[in-house]
Amino acid sequence: MSTVDSSVKDVASAASRLRRTAWYQQPRFTRLWALLALGVLLALVTGEQGNTRDIFFSIESSLLGPHLWVCLGLTVGVWALREFAGEPIKGAVGQARSATGGPVGALRDRFQGDRRLRWGLMGLALVLALVVPSMLSRTWQTVLVDQIAIFALLAIGLNVVIGWAGLLDLGFFAFFAVGAYSTAFWTGRLPIEPPVVLNPFWVIPIAVVTCLVTGLLLGAPTLRLRGDYLAIVTLGFHEIIYLVAKNADGVTGGPQGARLIPDFSFDFAGIAYKWSIKPLPYWYLLVFFIVLVIILFSRLEHSRVGRAWTAIREDEIAAAANGVDTVRFKLMAFAIGASTSGVAGVIFTSKYGYINPEVFPLLQSILILAYVIFGGMGSIPGVLMGAAALVWLPEALKDYVDPSDRYMYLGALLVIMMIYRPQGIWPSRRRQRELKLAEEGLGDADAMSEPAGGKVR
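What comes next concerns the included structure.

**Some remarks on unusual backbone geometry**
(1) Moving on: Positive phi outside glycine occurs at L260, with the angle close to 55°.
(2) Moving on: Positionally, L260 belongs in the loop between helix 11 (249-252) and strand 1 (265-268).

Take a look at the structure:
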């Protein structure tokens, strides 16, 4: 009886405290104040840019004109919809999601299960990739080559490390630098002379092997590390490569880099061709290598090696207990994933004819990681879509948004995507299953391996 009385008293006390709470401290109005502050911030971010002559110009123009009221009206409208029309909107969104999610999910499942449909759609995508670029402007052809195709090739390699083996790598762009400087060395454009001067086309296999060896050198001392610890090590690896390229003047050319790197040319068995500054020939070359890598990696994913990577990704301790040689397969993941960087580095360097350390900032490693996660870890089609979408967005905003603000929209898109669709645009079936089990409390959807000390229970 005393327990019931105490419970009644607690409920009455809570109700009394709620009545004493001021109206402006209630949760509904707390959210309103937060959104009003967000409106002011939005007005400042999207308003006029500042200048050195008048340091308050940006603040005055953003906060004393109609732009502020538009931003506040937008945020207050979002608050009103959330507070007074939340349930009907949630119901409509749920119905729309169920109506569209079923057919899309069925198409994705059929794509993954029906080999003939899969090969047919991939053939159609290949035809479009070969035909459509010739109809685009020279600017967009350059974007396709310099950014989308190059980063798609890099993202496929990083997908091996992160999506299949579950090894968090924050310094993947350093392998791209290794491939680029390998090109400069074997074409005789660095202070040290190579044993033989080669055409960039024949540097490709050498650059691939160099990146493979570099991946082994990175993986060997980090085999006992997982999760956040491995991420810090790979971050340091990127900085080491960057600083060596910048400071080793007698080897890499230092801040000046390498210049006058020759163009691609091919002369074998009576077939000769020389690439020029036009982007389309490089696009076709990159499409060839992307298709080749996709075929090889797809076979690898479903092989014994791919299954071992999956076991390591899910639970490395359990995989080792069941006989998986985790040391060897983790080394293979680092090496094979880095191999695509060699191809991308050679093609990029030959096309531009010039490299220096500033071409390889740390931001690029973070962006490649974002492409993989945004598209769908473990899914090659998803990785390609993620790279294409996130590279296209800043270019599409070029004529409408100030250059310093473009990545703000990219960051907002990433935040929204990770909240509402963390599995990515085109996720793998395994990743979808993990997230579903995690939502039901039956599994763990962590994409990376557990820390070296084990998970906290």
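That covers the picture; the talk isn't over yet.
**Things to note about the pairing of strand 2 (residues 271-274)**
(1) Moving on: Pairing of strand 1 with strand 2, which is carried by four bridges, proceeds in the antiparallel orientation. Note on strand 2: the bridge partner recorded for F266 is Y273.
(2) Moving on: Joining the antiparallel neighbours strand 1 and strand 2 is a turn of two residues, in which A269 adopts a positive phi near 55°.

**Examining the packing of aromatic side chains**
(1) Moving on: Per the counting criterion, the structure on display carries 19 aromatic pairs.
(2) Moving on: For the ring pair F201 and W202, a centre distance of 5.4 Å and an interplane angle of 80° mean the geometry is edge-to-face.
(3) Moving on: An angle of 70° between the planes, with centres 5.7 Å apart, marks the rings of F264 and W275 as edge-to-face. Separated by eleven residues along the polypeptide, F264 in the loop between helix 11 and strand 1 and W275 in the loop between strand 2 and helix 12 (279-301) bring together distant segments of the chain.
(4) Moving on: By relative accessible area, which is 9% here, W275 ends up buried.
(5) Moving on: Each member of the aromatic cluster is reached from another via a ring pair, and the members are F151, F173, F176, Y181, F348, Y352, F360 and Y371.
(6) Moving on: Sitting over the face of the ring of Y352, K351 holds its NZ or CZ atom 5.1 Å from the ring centroid.

**As for the packing of helix 17 (residues 380-396) against helix 18 (residues 406-420)**
(1) Moving on: Orientation of helix 17 relative to helix 18, taken along the N-to-C sense of each, is 145°, at an axis distance of 9 Å. Pair helix 17 / helix 18 crosses with right-handed handedness. For the pair helix 17 and helix 18, the contacting residues are L390, L393 and P394 in the first and R406, Y409, L410, L413 and L414 in the second.
(2) Moving on: Split into classes, the residues belonging to the contact of helix 17 with helix 18 amount to seven nonpolar, no polar and one charged.

Thresholds, definitions, all that
- Along each chain, residues carry numbers from 1 onward, in the same order as the chain's sequence is written.
- Local features in this predicted model are restricted to residues of pLDDT 70 or higher, and side-chain atom pairs are both shown and tallied only at a pLDDT of 80 or more, whereas totals for entire chains, interfaces and linings draw on every residue.
- Hydrogen atoms and water are omitted, and side-chain values are computed over all heavy atoms in the structure.
- Helical segments are the DSSP runs of H or I of at least four residues, strand segments are the runs of E of at least two, and each set is numbered from the N terminus.
- At least two DSSP bridges between two strands are required for those strands to pair.
- Note on ring pairs: Phe, Tyr and Trp rings are taken, using the six-membered ring of Trp, and paired if centres are within 6.5 Å. Classes follow the plane angle, with under 30 degrees stacked, over 60 edge-to-face and the rest tilted.
- Exposure is judged per residue with a 1.4 Å probe applied to protein chains only, and the accessible area is read against the type maximum: over 50% gives exposed, under 20% gives buried, and values in between give partly exposed.
- Charge-over-ring contacts are defined here by two conditions on Lys NZ or Arg CZ: a distance within 6 Å of the ring centre and an angle within 35 degrees of the ring normal.
- Between the N-to-C directions of two axes lies an angle of 0 to 180 degrees, each axis being a line fitted to C-alpha atoms and, for a helix, fitted only over the stretch in contact.
- The hand of a helix crossing depends on one turn: near helix anticlockwise from the far one by less than a right angle means left-handed, and clockwise means right-handed.
- Residue contacts follow a heavy-atom distance rule, with two residues in contact if any of their heavy atoms lie within 4.5 Å.
- Throughout this entry, Asp, Glu, Lys and Arg are counted as charged residues, while Ala, Val, Leu, Ile, Met, Phe, Trp, Tyr, Cys and Pro are counted as nonpolar. The remaining residues, Gly among them, count as polar.

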